[in-house]
Amino acid sequence: MAQRQDSDLATDAKLGLEQSISLYDADEEPRGIERVRSAVNLTKEAARVISITALEAVREGALFMGVIGSRGELVNPFSHIDAAIWSEPDVPERMTETAYDYCEELTRREAGNFYHSFKYLPDLERRAIMAYYAFCRRADDIADGDYVDIFPGGSSDEPEAINYRAKIELLSTGRPVVDRSAYNDKMSQLFYYRKKLSTAYGDVTSTDPIFMAMKDTVETFGIPRQMLDDMVSGMEDDFHRNRYQTFEDLYSYCYRVASTVGLVCIEIYGYDDPRAREYAEAWGVFMQLTNILRDVAEDAERDRVYLPLDDLVRFGITEDDIKSGKELLKHPGWKPFVDEYIERCDRYREKAFKLFPLLDRSSRYSPAAMATFYQSILKKIQKSGGDVFTERIQLSKAEKMVFAAYVYVRYRFLAL
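Residues numbered from 1 in each chain as written. Predicted model: local features only at pLDDT ≥ 70, side-chain atom pairs only at ≥ 80, totals over all residues. Heavy atoms only, no water.

Undergrad: Please explain the overall build of the protein as it appears in this structure.
TA: Helices and strands together make up the secondary structure of the protein, namely 18 helices and two strands. Residues counted as buried form 54% of the 416 residues belonging to the protein. Taking the intrachain contacts of the protein between residues at least 6 apart in sequence as the baseline, contacts between residues at least 24 apart amount to 76%. Just so you have it, the protein exposes about 18,700 Å², and 49% of that area is on carbon and sulfur atoms. (Helix = DSSP H or I, 4+ residues; strand = E, 2+ residues; numbered from the N terminus. Buried < 20%, exposed > 50% of the residue type's maximum accessible area, 1.4 Å probe, protein only. Contact = heavy atoms within 4.5 Å. Areas by Shrake-Rupley, 256 points an atom, 1.4 Å probe, with all protein chains shown as cover.)

Undergrad: Even after reading the chapter, I still don't get the nonpolar core, so can you show me in this structure?
TA: The nonpolar side chains of a soluble globular protein tend to be buried with one another. With 127 residues, the main nonpolar core has Phe135, Ile322 and Trp334 as its most contacted residues. Per-element tally for this core: the top contributor is helix H11 (residues 247-269), with 14 residues. Once residues lying within four places of it in the same chain are set aside, the contact partners of tryptophan 334 are Leu293, Leu307, Ile317, Ile322, Leu328, Leu329, Gly385, Gly386 and Phe389. (Core = buried A, V, L, I, M, F, W, Y, C linked by side-chain atoms within 4.5 Å.)

Undergrad: What's the story with helix H8 (residues 180-198) in this structure? I'm lost.
TA: Spacing of three or four residues puts side chains on the same side of an α-helix, whose turn is 3.6 residues. Under the 1.5 Å per step criterion, the end-to-end length of H8 is 27 Å for 19 residues, consistent within 8% with the ideal 27 Å. Two or three places before serine 181, at the opening of H8, aspartate 179 has a side-chain oxygen 3.1 Å from that residue's backbone nitrogen. (Expected span 1.5 Å × (residues − 1). Polar contact = N/O pair within 3.5 Å; in protein donor to acceptor, adjacent residues only side chain to side chain.)

Undergrad: What's the story with the packing of H8 against helix H10 (residues 225-240) in this structure? I'm lost.
TA: The description of two packed helices rests on the angle between their axes and on the distance between the axes. Their axes nearest at 11 Å, the elements H8 and H10 cross at an angle of 180°. For the element pair H8 / H10, the angle class is roughly antiparallel. On the side of H8, the interface is formed by Tyr183, Lys186, Met187, Leu190, Tyr193, Arg194, Leu197 and Ser198, while H10 contributes Arg225, Leu228, Asp229, Val232, Ser233, Met235, Glu236, Phe239 and His240. (Axes fitted to C-alpha atoms, helices over the stretch in contact; angles between N-to-C directions. Parallel < 35°, antiparallel > 145°, perpendicular 65-115°, else oblique.)

Undergrad: Where do I start with the pattern of salt bridges in this structure?
TA: Close approach of charged atoms lets side chains of opposite charge pair. What the rule picks out here adds up to 44 salt bridges. Linking glutamate 236 and arginine 194 is a salt bridge whose minimum nitrogen-to-oxygen distance equals 3.3 Å. Here arginine 194 lies in helix H8 and glutamate 236 lies in helix H10, a separation of 42 residues in the sequence. Pair check on accessibility: glutamate 236 and arginine 194 agree, each one buried. Aspartate 295 is the salt-bridge partner of arginine 392, the closest N and O atoms lying 2.9 Å from each other. (Salt bridge = Lys/Arg side-chain N within 4 Å of Asp/Glu carboxyl O.)

Undergrad: Teacher, can you tell me more about the packing of aromatic side chains here?
TA: Aromatic ring pairs are defined here through the distance separating the ring centres and the angle between the ring planes. Taken as a whole, this structure holds 21 aromatic pairs when the rule is applied. On the basis of an interplanar angle of 75° and a centroid distance of 6.1 Å, the ring pair of phenylalanine 247 and tyrosine 251 is categorised as edge-to-face. Of the two residues, phenylalanine 247 and tyrosine 251 both sit in helix H11, four residues apart, roughly one turn of that helix. For tyrosine 251, a relative accessible area of 3% puts it in the buried group. Here phenylalanine 247 and tyrosine 348 contribute two aromatic rings whose centre-to-centre distance is 6.3 Å and whose plane-to-plane angle is 35°, an arrangement assigned as tilted. Within this pair, whereas phenylalanine 247 is found in helix H11, its partner tyrosine 348 is found in helix H16 (residues 334-353), the two being separated by 101 residues in sequence. The buried category is assigned to tyrosine 348, whose relative accessible area is 4%. Taken together, the ring pairs connect Phe315, Trp334, Phe337, Tyr341 and Phe389 into an aromatic cluster. (Phe/Tyr/Trp six-rings, centres within 6.5 Å; stacked < 30°, edge-to-face > 60°.)

Undergrad: Looking at this model, I keep getting lost on unusual backbone geometry. Mind explaining?
TA: In this structure, aspartate 303 takes a positive phi of about 60° despite not being glycine. The topology assignment puts aspartate 303 in the loop between helix H13 (296-301) and helix H14 (309-314).

Undergrad: Explain the packing of helix H12 (residues 275-294) against H16 here, please?
TA: One can describe the packing of H12 onto H16 by two numbers: an axis separation of 7 Å at closest approach and a directional angle of 155°. With respect to H16, the axis of H12 lies roughly antiparallel. Here H12 runs over H16; the crossing is left-handed. Judged by residue contacts, Glu278, Tyr279, Ala282, Trp283, Val285, Phe286, Leu289, Thr290, Ile292 and Leu293 of H12 engage Trp334, Val338, Tyr341, Ile342, Cys345, Tyr348, Arg349, Lys351 and Ala352 from H16. When grouped by side-chain class, the residues that make up the contact of H12 with H16 number 15 nonpolar, one polar and three charged. (Left-handed = near helix turned anticlockwise from the far one by under 90°. Nonpolar A, V, L, I, M, F, W, Y, C, P; charged D, E, K, R; others polar.)

So yeah, pure geometry; function would need other evidence.
Structure (structure tokens):
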């Protein structure tokens, strides 16, 4: 990794930052739990009773189905297929294209700011990044929402799902922080989600359109499986932990749920300079830290405190203060805490913005737009004195258009 100036290192020391504590280098996670996770696999032999041939799919009309229903709703074009995998190695091209169509429509409906940064990418990169967004979106919907992911032939009562949950719970740092029923259900869904992910790296192909598209994306751009597995692990972490004592603890979480996203994205965008990986890691941390500060009130309502407890204690802020909502604005330590927190965010933002010139000119607009949107949200939070309670801090449509135009011109046409 590139060496930084002494002044940068001094500032990092003040804020308690390390140059990089990437999980690729760290050895903090018990190896046993990663072995359990990485062993999840879906093979043709294991799914013989729930597999289907391409010929059978054609007979069912799957090749000719769209992704938008008669009422304008998003529909899974292969939902009528009660099978987990294809029985043969090749999937018809039209089927793969339909899978990408599904991912793109899902992104258009649910990605908000991200979709508008994705849509200007070259076609190949745009389709791939939307498939990856759909993969992340659905994992988050399972872990943090009401979405129910269906895996043909699998349920929370299946012995392999029970065994997986038991091993992960035994090896995790704490007992589940959600009720037992929700834990069993969501952990099982993520277990089968991992099974579908394994098909992107195996000889079989999932009938889930997201993973059908992801398989093509993985093969096209050479995306390492660990990056995708780590993101799912971050989702599972939310079931075992709802407090973070130190910033280093929080960083590990941010790496899994956000830095891995940056690292996957640059594999799609393309880069030659190895420093891009360090900057992509920082890009993810910057965006996740911004999300955490913006969502303090919402998370507290769900008994989640992502702000490092050690940092809160230094400013005399307790968990009860965090849960008090707008009353926290009266606390003498809140604004100083927010100022220091934002200063830390800015350190990662500065590194993140070093990434964009290292990317192909045709692709750098997308990540630059996302980072600029988040930078603007952070400025709004600071200007409000840390008031993330009165209303959700977000950008207006006009603000998004202005920032998008500025970023597009700067990163697509102007020399950097």
